[in-house]
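Each chain, written out:
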There are 2 protein chains.
Amino acid sequence: MAEELDNIPFELTEDLINQVERLIELKQDKALQKLLNDFHHADIADILDELDLAEAVYIIKLLDSETTADILMELDEDNREKVLRNLSSKEIADEIGELDTDDAADIISELPEERKREVISHIEDEDHKAEIQELLAYDEDTAGGLMAKELVKVYETWTVAGCLRRIRGQAKEVTRVHSIYVVDKQNRLVGRLSLKDLIVAKSEQKIADIYISSVDSVNVHDDAEDVAKVMQKYDLEAIPVVDNNQKLLGRITIDDIVDVMKEEAEKDYQLAAGITADVEADDSIWELTKARLPWLLIGMFGGIGAATIITNFQSVLNDYKILLSFVPLIQATAGNVGVQSSAIIVQGLANDSIDGNLLKRLLKEFLLGLVNGLAIAFIVLLISHFAFHTTYLESLTICVALISVIIMAALIGTFIPIFLDKRGIDAAVATGPFITTSNDIFGILLYFLIAKAILGF
Amino acid sequence: MAEELDNIPFELTEDLINQVERLIELKQDKALQKLLNDFHHADIADILDELDLAEAVYIIKLLDSETTADILMELDEDNREKVLRNLSSKEIADEIGELDTDDAADIISELPEERKREVISHIEDEDHKAEIQELLAYDEDTAGGLMAKELVKVYETWTVAGCLRRIRGQAKEVTRVHSIYVVDKQNRLVGRLSLKDLIVAKSEQKIADIYISSVDSVNVHDDAEDVAKVMQKYDLEAIPVVDNNQKLLGRITIDDIVDVMKEEAEKDYQLAAGITADVEADDSIWELTKARLPWLLIGMFGGIGAATIITNFQSVLNDYKILLSFVPLIQATAGNVGVQSSAIIVQGLANDSIDGNLLKRLLKEFLLGLVNGLAIAFIVLLISHFAFHTTYLESLTICVALISVIIMAALIGTFIPIFLDKRGIDAAVATGPFITTSNDIFGILLYFLIAKAILGF
C-alpha cells in the first residue's frame, strides 16, 4: 500500500480544524476530499478526534473505505466507539474488509455481542471472515490476540525461482514482508528466510538448502507481555505464532508490540500515581473520578488510621508537644522512601532483572536505608536543635525515629512488590498511594512507640 | 546474518552459570565454545552479566569477534565498561569492525577521550572508520545519534533488473532491508521502494516509474523523542535521515526506537517515584543513594516547613487539639491528589494530547477536585463525628479544609507541569516528591488558616 507522506511534518492547527468544519457545513465534498487526501490516515484521525461526532461520521462516510478503515484504527478508542455506533453493520463490515485480520478482529471485539454477529455476517470475503473469527477466539492479552493471519509462507520443497513467482501473489496481501516462513507439508514451521536471502540466492536453488532452520516463535497462548520481551531482547521485527503442534498460525509485527509496550508503561505509570483504568486528561469528570477516587479513599482511611494513633498518644504527650510538629516530616519521609524502593523493584521485576534471594535484597535495602537515614537524621538534628530548640532526648527521638522509619519504609517497599509478584499479582499495584499509605501509618506508629521508649511517658 | 535461535525459550539458570564457570576454570575452551554457540548473543550477554569480570573477559576473548561484538552491545552498560577496560584498543577496534555503524559509534562514545582516538586509529576499514567518525559528531539524543549509515539506496534512473543486481551487493552489508531509498544524482532523497515492490515489478521497468515519491524522513538534528513519536504514529519500521538540503545521510530502525521509548518510560517512572539518574536494583548502595537522597532531602525540607507551621499554630490551638490528629489525613490527601493530577498532565504532554487553553483545564480540575473532595469530606464527616467526637465546628473545619486542599492540590498538580513544559523544562520532574512536598506544605498551611477562620482562635 502506497503511503503518501509529506516531508513537512503535519501540524494540527486551529485553522485546519476550522477549515474542515466549514467545508463540512457547506457540504463541499470535493474540496474536502482534495484537502484530506493529502494527509496520512493517522493525521486525519487526529483531525477527527477534534471534531463533533456528526462531523466525524460525515467524513468517514465521505472518504473511501480503504482510507477510513485505517483512520478508524487510529481514532481514540472512545471516539471510535461513538463513530461505529453511527454506522450500519454493513458499513462497518465494508471497513473491516479493508483491514488486516488483526486490526479487523480488534475493532469487532470492541462491539456489543449482537452487533458483532451482524457485522461478521456482512463480511463478504469468506476467507477473511473465517480468519477474523479464528482470531476473535483468542484472549486479547495473548500472542493469539495480537497476531495477524497475513504472512508469506513457502514450502521447503520449492525452488527459489518458483518461490519468488508464488510469493508475488501472497505478498500483495501483506503490507510489509518481514520474514518468509518456511513450512513442511503439515504446515509446521521449520525455518525462515528473508526476502533479501531470496534475492541474493541463485534461482535454481531449493528453499530447503537456503533457509535458516532455527527460527524463534511464540505459542499462540503466550502472554502478550512475554512476546514483547522476546521481540525486544532479540531485536525482532516480526515473530511467527504457532500452536502446540508447531503449526504456523500467524505472525506478530513490531508495531503491535510497540503499542503493547506503550500501554504497559502508561498503565504502570498511572498505577504508581494512584490512577486505575486507562484515563486521559480529556476524559469526563465522571470517568476521571472513577479512576482516582478509590485510591484517594485508601489514602483517606490511612489518614483516619493516623488520626487514631495520634489521638491516642496526644493525651500522654503533655510535655513533648513539639513531637507533633514533626509528624509530617516522619510521614513524608516514610512515603517517599517507600515509593522509591517499590518503584525500583517493580521496574526490576518488569525487566526480569531481579534475581538472587530475598534476604540479600532486604539486607541491601536495610543498609541503603541506614545510609540515607543517617544523612537525613544528621541534618534534622541540627535544624531541630537550633531552630526548634528541642531537648536532647526529643532530638534523639526524632532522629532515631527517622532512621527507623526510613529503614522500615525501604523494607516494606521492597518486600511487598516481590511478595505480590511471587503470588502472581501485578507488582505495579504495590506502588503509589498503596505503599505510601501503609508506610504513613506504620511510620507514625513507629515514631510514637520510639518516643514512648526514649521519653518514657 | 543467520541468527540461530532455539524454539525452546532460553532460561538463565543457576546450573547453567555454574557449568560455564566450571568450564572456564578448567579452561575447557572447546566445550565452552560448543555450549555457547547454541545460544543467541543476547542470551550469552545475560550469562556474562552474571559472571565475574575475569570470567566475562575470558569468554569475550575466546569467542569470535562477530559474536562478541553483538554480545558487547547487549551487556549491561556498567559491565560493558568494565569489560572494555580489560581489552586492548586493537581488540576493541576488531569488535567495532563487526558492528553496524550506529552500534559502533555508541560503544566508542562510551570510552574515555584518549581511548576513543586509539580505538578509532585501529579500525582497519577506512570507509567504516569515516562513517563512524561522522556519527560520533552528532548529539546522542538526536536523529543523527540514532541513525546507522548502512542502508540500501538506488538511483531513480536505474531499471528494476539493474537495481536488483546492484542492491545484491549493498544488501549483504545491511542486516535487514526495510526500505530501499531512491535518490537523485545529488544524493537527495526523492522516494522509497520496498523489496516487495521491486520483486512484484517487471524487470525492464524504470525505478522512476515505480517508486513512491513521497517518503517520510527526519532531519539529522531532530530530537530522538520526536523521531520516536513520528515512527510510532505512522507505524514505520525504518525512517531515512536527511540533512537540511534533503541529502540522504542514514536511516533509523524501529529497534533503536523501541530502546528510546523504553528508556523514556523508565526515566519518567523513576522521576515520578523520586529517583534521578538511571539506576537498577543491582546498582551499588552509593549509586542508589546518589539517585535517591536528593529527593528525600526535598521531602525533608518540606517536613521541616510543615513543622514550622504546626509549631506556630500549636500554641494557639489549645481547645482544638484534635485538629492535630487530622494533619496526616490532610497531608496524605493533598499528596495523593497532586500526584494524580500531575501524572495525567505529564502523560498527556508526552503524548501531545494536551490542548485547549489552560483556564479550561484548571476549571475542569477544580470541578473534579470538588467532586472528589465532597465525597471524601462526607465520609470523614461521619467518621470524625462518631469516632472522634469532634464538635460541629471542628468537623466543619476538617471537611472544608479537605475539600479546599483537594482542589488546591489538583490545581497545583495541573498547573506546574504545564508551566514547566511551556518553559521548555521536562514536565516529568514535576511529579513524585516534588509535587507531594509542595502540596504537603500548602495543604497544612491552608488547613490551619481555615481552622483559624472558622474557629476564630
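From a predicted model like this one, the values you see are computed outputs, not experimental measurements.

Per-residue confidence for chain A gives a mean pLDDT of 88, with 96% of residues at or over 70. Overall fold confidence (pTM) sits at 0.81, and the ipTM for the predicted complex is 0.80.

Okay, the domain arrangement of chain A next. Here chain A is partitioned into domain 1 (14-141), domain 2 (152-263) and domain 3 (285-455). With centres defined by C-alpha atoms, the gap from domain 2 of chain A to domain 3 of chain A works out at 51 Å.

With that settled, consider the nonpolar core. Grouped together as the largest cluster of nonpolar side chains are 273 residues, with contacts concentrated most on Val-227 and Leu-402 of chain A together with Val-227 and Leu-402 of chain B. Non-local contacts of Val-227 of chain B, meaning those with residues more than four positions away in its chain, are made with Ala-143, Leu-146, Val-218, Asp-222, Ile-239, Ile-252 and Ile-257 of chain B.

All names here are of chain A. Where helix 8 (residues 101-109) contacts helix 10 (residues 126-136), the two axes come as close as 9 Å, and the packing angle between them is 60°. Note on packing geometry: the crossing formed by helix 8 with helix 10 is right-handed. The residues of helix 10 that touch helix 8, namely those facing Thr-101, Asp-102, Ala-104, Ala-105, Ile-108 and Ser-109, are His-128, Glu-131, Ile-132, Leu-135 and Leu-136. Tallied by class, the residues present in the contact of helix 8 with helix 10 amount to six nonpolar, three polar and two charged.

The next subject is helix 16 (residues 254-272) of chain B. Residue and element names in this part refer to chain B. Taking 1.5 Å per residue, 19 residues should reach 27 Å; helix 16 reaches 27 Å between its end C-alpha atoms and fits that length. Residues of helix 16 that are buried include every one of Ile-254, Asp-256, Ile-257, Val-258, Met-261, Ala-265, Asp-268, Tyr-269, Gln-270, Leu-271 and Ala-272, and no others. Gly-274 occupies a position one or two residues after helix 16 and carries a positive phi of about 80°.

A word on the pairing of strand 5 (residues 238-242) of chain B. Residue and element names in this part refer to chain B. Across the five residues that make up strand 5, a large majority, five, are buried. Here strand 5 shows no split at all, with Ala-238, Pro-240 and Val-242 on one side and Ile-239 and Val-241 on the other all buried. Two elements, strand 4 (residues 218-219) and strand 5, share two bridges in a ladder whose sense is parallel. Note that in strand 5 the partner of Val-218 across the bridge is Val-241. With five bridges connecting them, strand 5 and strand 6 (residues 248-253) associate as antiparallel partners. Bridging from a neighbouring strand, Val-241 pairs with Gly-250 of strand 6.

Our focus in this paragraph is the packing of helix 21 (residues 392-422) of chain B against helix 22 (residues 433-455) of chain B. All names here are of chain B. Packing of helix 21 against helix 22 brings their axes to within 8 Å, and their N-to-C directions diverge by 145°. Judged by the twist between their axes, the crossing of helix 21 over helix 22 is right-handed. Here Leu-393, Leu-396, Thr-397, Val-400, Ala-401, Ser-404, Val-405, Met-408, Ala-409, Ile-412, Gly-413 and Ile-416 of helix 21 lie close against helix 22, whose contacting residues are Ile-435, Ser-438, Asn-439, Phe-442, Gly-443, Leu-446, Tyr-447, Ile-450, Ala-451, Ile-454 and Leu-455. Tallied by class, the residues present in the contact of helix 21 with helix 22 amount to 17 nonpolar, six polar and no charged.

Turning our eyes to something else, we now look at the interface of chain A and chain B. Interface extent is often summarised as the accessible area lost during association of the parts. Contacts between chain A and chain B engage 100 residues on the former and 100 residues on the latter. Counting residues per element, the side of chain A that touches chain B draws most heavily on helix 17 (residues 285-314) of chain A, at 17 residues. Partitioned by chemical class, the residues of the side of chain A that touches chain B number 56 nonpolar, 24 polar and 20 charged.

All right, on to the environment of Asp-43 of chain A then. All names here are of chain A. Inspection of the secondary structure puts Asp-43 in helix 3 (residues 41-50). On the basis of neighbour count, Asp-43 is assigned to the buried category, with 22 C-beta atoms found within 10 Å. Distance in space between the C-alpha atoms of Asp-43 and Glu-74 is 8.8 Å, their sequence separation being 31 residues.

Turning to the sheet that holds strand 3 (residues 189-193) of chain A, a few remarks are in order. All names here are of chain A. Pairing within the open sheet is mixed, and its three strands lie in the order 1-2-3. The sheet is open, and its two borders are formed by strand 1 (152-155) and strand 3, each paired with just one other strand. Neighbour-to-neighbour, the strand axes of this sheet turn through a mean angle of 35°, independent of strand direction. Judged from the four bridges that link them, strand 1 and strand 2 (residues 180-183) form a sheet pairing that is parallel. Residue pairing for strand 2: Val-152 is matched across the bridge by Ile-180.

Before going further, it helps to spend a moment on the relation of the copies chain A and chain B. Mapping chain A onto chain B calls for a rotation angle of 180° and an axial translation of 0.0 Å; the resulting RMSD is 0.1 Å. As the rotation angle and translation indicate, the two copies are arranged about a two-fold axis. The overlap is high: 100% of the interface residues of chain A also sit at the interface in chain B, so the same surface is used on both sides.

Rules and cut-offs
- Residues numbered from 1 in each chain as written.
- Chains lettered and ligands numbered in written order.
- Predicted model: local features only at pLDDT ≥ 70, side-chain atom pairs only at ≥ 80, totals over all residues.
- pLDDT = per-residue confidence, 0-100.
- Domains from an automatic or database assignment.
- Core = buried A, V, L, I, M, F, W, Y, C linked by C-beta atoms within 7 Å.
- Buried ≥ 20, exposed ≤ 12 C-beta atoms within 10 Å, placed from the backbone.
- Contact = placed C-beta atoms within 7 Å.
- Axes fitted to C-alpha atoms, helices over the stretch in contact; angles between N-to-C directions.
- Helix = DSSP H or I, 4+ residues; strand = E, 2+ residues; numbered from the N terminus.
- Left-handed = near helix turned anticlockwise from the far one by under 90°.
- Nonpolar A, V, L, I, M, F, W, Y, C, P; charged D, E, K, R; others polar.
- Expected span 1.5 Å × (residues − 1).
- Pairing = 2+ DSSP bridges.
- Least-squares fit on C-alpha atoms with pLDDT ≥ 70 in both.

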